[in-house]
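Single-letter residue listing:
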Amino acid sequence: MIDKFTLAYAKQLDEKDELKNCRDKFYIPYIGDKEAVYFLGNSLGLQPKKTQDEVFNVMENWANFGVEGFFMGEDPWLNYHKTLSPILSEIIGAKPEEIVTMNHLTVNLHLLMISFYNPTPTRYKIICEAKAFPSDQYTFQSQVKMHGFDEKDAIVEVQPKAGTELITTEDILAAIEGNKDSVALILFSGVNYYTGQVFDIAAITAAAHNANAYAGFDLAHAAGNIKLELHQWNVDFACWCNYKYLNSGPGAIAGAYIHEKHFANKALKRLEGWWGNDEKNRFKMEPAFTPSPSAEAWQMSTPPMILLAAHKTSLEIFKEVGFGKLLAKSKELSAYLFYILNEINDTKEFNILTPANPDERGCQVSISVRENAKAIFDELLKNGIFADWREPNVIRVAPVPLYNTFEDIFYFVNVLQKLFQDK
Ligand SMILES: *Cc1c(COP(=O)(O)O)cnc(C)c1O
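Model, not experiment: these values are computed from the prediction.

**Digging into the site of the ligand**
- What surrounds the ligand is the set Leu105, Thr106, Phe133, Asp136, Asp218, Ala220, His221, Tyr243 and Lys244.
- A distance of 2.6 Å separates an oxygen atom of the ligand from a polar side-chain atom of Tyr243.
- Compared with its free state, where it exposes 390 Å², the ligand has 83% of that area covered by protein.
- A class-by-class count of the residues in the shell around the ligand yields four nonpolar, two polar and three charged.

And the structure:
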C-alpha cells in the first residue's frame, strides 16, 4: 500500500490536478518571506488579481462620465448586475430572475423575514439550529420581539445528538412535526459555521411545507462551497454573503434568492424602495410602486458599483473554471485532509467534529483539540498556517479548491503532528 501521508504523494496530487493553475489568479498572503497556507476562505476569501483593475474601471467611468456612467463606457452601470445572476444561477441552483445582489447578509435576512415571517397568535414559531451564527440568533430574537412574542417560547432550537456536535435530519423533522400547528418559519443555515455540517435542505423544506410553514436558509457557508438546487428543492427564500467562498472582498455586497412562485403573491409583505420598481417604469418616478417581476422587487437602493465590480471579478473566475470542477476538487481536498488527519490521530489528540460522510460536508473541517488547544493553534500561525480559532477548543480549516493545494494540506497535518509530539 502506498503511503499517502508524504510530501511526495501530496505533490503528485497537485501535479495531476487539472485546476492547479487557478491559484495564480489570486494574491496569496505571506508570512515572513513565505507564502502562507491560507485555510480561511470560509472567513474571507482571497483577492483575485483582477479585482483591482475591475474596481479601477468603475472609478475611471465615474471620472470620465459622472452619472452618465450608468449609460456610457464599456460596462454601463445600469445593466452591470445582469451579468452576475446567470453565473450565480449555477452556484445557487436557481433561475437568474430568482436572484438579487443587494445589501449585506444580516440586512437581507431581516428583509426576507419581513416577507416570510408573519406570525399570527397561533402560528408564530421559528425553528432553527442550536448555536446558529450569532447574527442569525440576534435576527430571530429581534424579529420575534418586534412582533410581540416571547423569544423563549417562539424560537425552537434543534439540539445536536447527545455527545456530538451534529444535528440529525431526523431530529429536525421531528421538531417540525412536533410544532406543526404553531410553526411559521423554519430557518437553518445550509452549512453550520462551527462544525461544517451540511443540512438536508430538500428534506427540511419539504417538511416545512408539509407543516404549512415557510423554509428559508442562510447560505453564508454554503454559497460557493457545496452544490445547491434551491429552485428544485422548492426553498422559499435564502440569503448569503459573498466575502467567504465567493471572494468578493471584505463587507462585499450580498445575495438573496426568492422562489419565483412568490413573485406574484400580493399577500406577501415587503419593504420597498425605488430600485425594486420594475425597470420599465422605474425612472418615470411614479407614486405607485410596480414590483419588478423578479427577486429584484426586494431591491431598495442604487447598486454600489465598486462592490459589484469586486463581486463580478470573482464570479467570472467561477464561470471560467466551472463550478462542477471546483466542487469535484473540493471533495478530493477534504477527503485527503480527512484521511491524513485520521492517520496521525492514533492517540486521539483531537476529535473531528465535521461529518465523515462527504455528502454531509463542504470543504471545511473542524477539529476539537483535547489539550493545549490554544497553544497549538498559536503555533500554527508561527508555522505559516492561517487557520481559524473558535472557543473553547476548536480549530477550523477550509481548503478551498480555487487556491489551496494538496501540499498545503500535507504541510498543515505534518505541522500538527509535530506539535502533538512535542507538547
Ligand atoms: C458570516 C456569517 C454572517 C455574517 O453576516 P454579515 O451580515 O455579512 O456580517 C451571518 N450569518 C452566518 C451564518 C454567517 O456565517
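Right, picking up where we left off after that structure.
**Side note on a nonpolar patch on the surface**
- A cluster of nonpolar side chains, namely Phe56, Met59, Trp62 and Ile306, defines an oily patch on the protein surface of about 420 Å² accessible area.
- Assignment of secondary structure puts Trp62 in helix H2 (residues 51-65).
- Owing to a relative accessible area of 54%, Trp62 belongs among the exposed residues under this scheme.

**Considerations on the sheet that holds strand S6 (residues 155-158)**
- The strand order across the open sheet built from seven strands is S4-S10-S9-S8-S7-S5-S6, with neighbouring strands paired in mixed fashion. This sheet does not close on itself; its edge strands, each paired only once, are strand S4 (99-101) and S6. The mean angle between the axes of side-by-side strands here comes to 20°, regardless of whether they run parallel or antiparallel.
- Two strands pair when backbone bridges link them, and strand S5 (residues 125-129) and S6 are joined in this way by four bridges, in the parallel orientation. Each bridged residue has a counterpart across the sheet, and for Ile126 the counterpart in S6 is Ile155.

**With respect to the domain arrangement of the protein**
- Taken as a whole, the protein is organised into domain 1 (7-47 + 323-422) and domain 2 (55-319).
- The C-alpha-based centres of domain 1 and domain 2 are spaced at 29 Å.
- With 31 residues of domain 1 in contact, the opposing surface of domain 2 contributes 23 residues.
- Interface area for domain 1 against domain 2, summed over the two sides, is near 2,200 Å², with a carbon-plus-sulfur share of 62%.
- Across the contact surface, domain 1 and domain 2 share zero salt bridges.
- Between the two partners, domain 1 and domain 2, sit ten residue pairs in polar contact (both at pLDDT 80 or more).
- Listing elements by their share of the side of domain 1 that touches domain 2, those giving two or more residues are helix H10 (323-343) and strand S15 (394-397).
- Here the side of domain 1 that touches domain 2 is built from residues that sort into 15 nonpolar, nine polar and seven charged.

**What to know about the packing of helix H4 (residues 105-116) against helix H5 (residues 134-146)**
- Relative orientation of the contacting elements H4 and H5 amounts to 35°, with a least axis distance of 10 Å. Two packed elements cross with a definite hand, and for H4 against H5 that hand is right-handed. Taken together, the residues of H5 that come into contact with H4 (itself represented by Thr106, Leu109, His110, Met113 and Ile114) are Ser135, Asp136, Thr139, Phe140, Ser142, Gln143 and Met146.
- Tallied by class, the residues present in the contact of H4 with H5 amount to five nonpolar, six polar and one charged.

**Focus on the packing of helix H3 (residues 84-92) against helix H9 (residues 305-321)**
- The interhelical angle for the contact between H3 and H9, taken along N-to-C directions, is 50°, at an axis separation of 10 Å. Relative to H9, the element H3 is oriented oblique. Relative to H9, the crossing made by H3 is left-handed. Residues Leu84, Ile87, Leu88 and Ile91 of H3 form the contact with H9, whose own contacting residues are Leu308, His311, Lys312, Leu315, Glu316, Phe318 and Lys319.

**Observations concerning the side chain of Ser330**
- Looking at where Ser330 falls in the secondary structure, it is placed in helix H10.
- By relative accessible area, which is 6% here, Ser330 ends up buried.
- What Ser330 contacts, discounting residues up to four positions off in sequence, is Cys363 and Pro401.

**Focus: unusual backbone geometry**
- With an omega of 0°, the peptide bond running from Glu391 to Pro392 counts as cis.
- With phi around 50°, Asn247 is a residue other than glycine that occupies positive phi space.
- For Asn247, the position within the fold is in the loop between strand S9 (237-240) and strand S10 (255-258).
- Accessibility expressed as a relative area gives 2% for Asn247, which makes it buried.
- Located in the positive-phi region is Met285, a residue other than glycine, with phi close to 55°.
- In this structure, Met285 sits in the loop between S10 and H9.

**Quick look at the pairing of S10**
- Of the two faces of S10, the one lined by Gly255 and Tyr257 and the one lined by Ala256 and Ile258 are each fully buried.
- Examined bridge by bridge, S4 and S10 share three bridges and lie antiparallel to one another. Residue pairing across strands places Thr101 opposite Gly255, the latter belonging to S10.
- As paired elements, S9 and S10 share four bridges and run antiparallel to each other. What sits directly across from Phe237, in S10, is Ile258.

**Re the environment of Ser142**
- Checked against the element boundaries, Ser142 lands in helix H5.
- Looking at Ser142, the relative accessible area reads 32%, which means it is partly exposed.
- Each C-alpha atom, one on Ser142 and one on His110, is 9.3 Å from the other, the two residues being 32 residues apart in sequence.
- Within the structure, Ser142 has its side chain in polar contact with the backbone oxygen of Tyr138 (distance 2.8 Å).

**Here we look at the side chain of Arg282**
- You can see Arg282 is positioned in the loop between S10 and H9.
- Buried charge without a partner: Arg282 forms no salt bridge, and the closest opposite charge is Glu296, 4.2 Å away.
- Within the structure, the side chain of Arg282 is placed 3.2 Å from the backbone oxygen of Asn277, a separation counted as a polar contact.
- Setting aside residues up to four positions removed in sequence, Arg282 forms contacts with Trp274, Trp275, Asn277, Ser292 and Glu296.

Reading the values: the criteria
- Residues numbered from 1 in each chain as written.
- Predicted model: local features only at pLDDT ≥ 70, side-chain atom pairs only at ≥ 80, totals over all residues.
- Heavy atoms only, no water.
- Near = heavy atom within 4 Å.
- Polar contact = N/O pair within 3.5 Å; in protein donor to acceptor, adjacent residues only side chain to side chain.
- Areas by Shrake-Rupley, 256 points an atom, 1.4 Å probe, with all protein chains shown as cover.
- Nonpolar A, V, L, I, M, F, W, Y, C, P; charged D, E, K, R; others polar.
- Patch = residues over 30% accessible without salt bridge, like charges linked within 9 Å, V, L, I, M, F, W, Y side chains within 5 Å.
- Salt bridge = Lys/Arg side-chain N within 4 Å of Asp/Glu carboxyl O.
- Helix = DSSP H or I, 4+ residues; strand = E, 2+ residues; numbered from the N terminus.
- Buried < 20%, exposed > 50% of the residue type's maximum accessible area, 1.4 Å probe, protein only.
- Pairing = 2+ DSSP bridges.
- Axes fitted to C-alpha atoms, helices over the stretch in contact; angles between N-to-C directions.
- Domains from an automatic or database assignment.
- Contact = heavy atoms within 4.5 Å.
- Buried area = accessible area lost by both parts, 1.4 Å probe.
- Left-handed = near helix turned anticlockwise from the far one by under 90°.
- Parallel < 35°, antiparallel > 145°, perpendicular 65-115°, else oblique.
- Lys, Arg positive; Asp, Glu negative; His and termini not counted.

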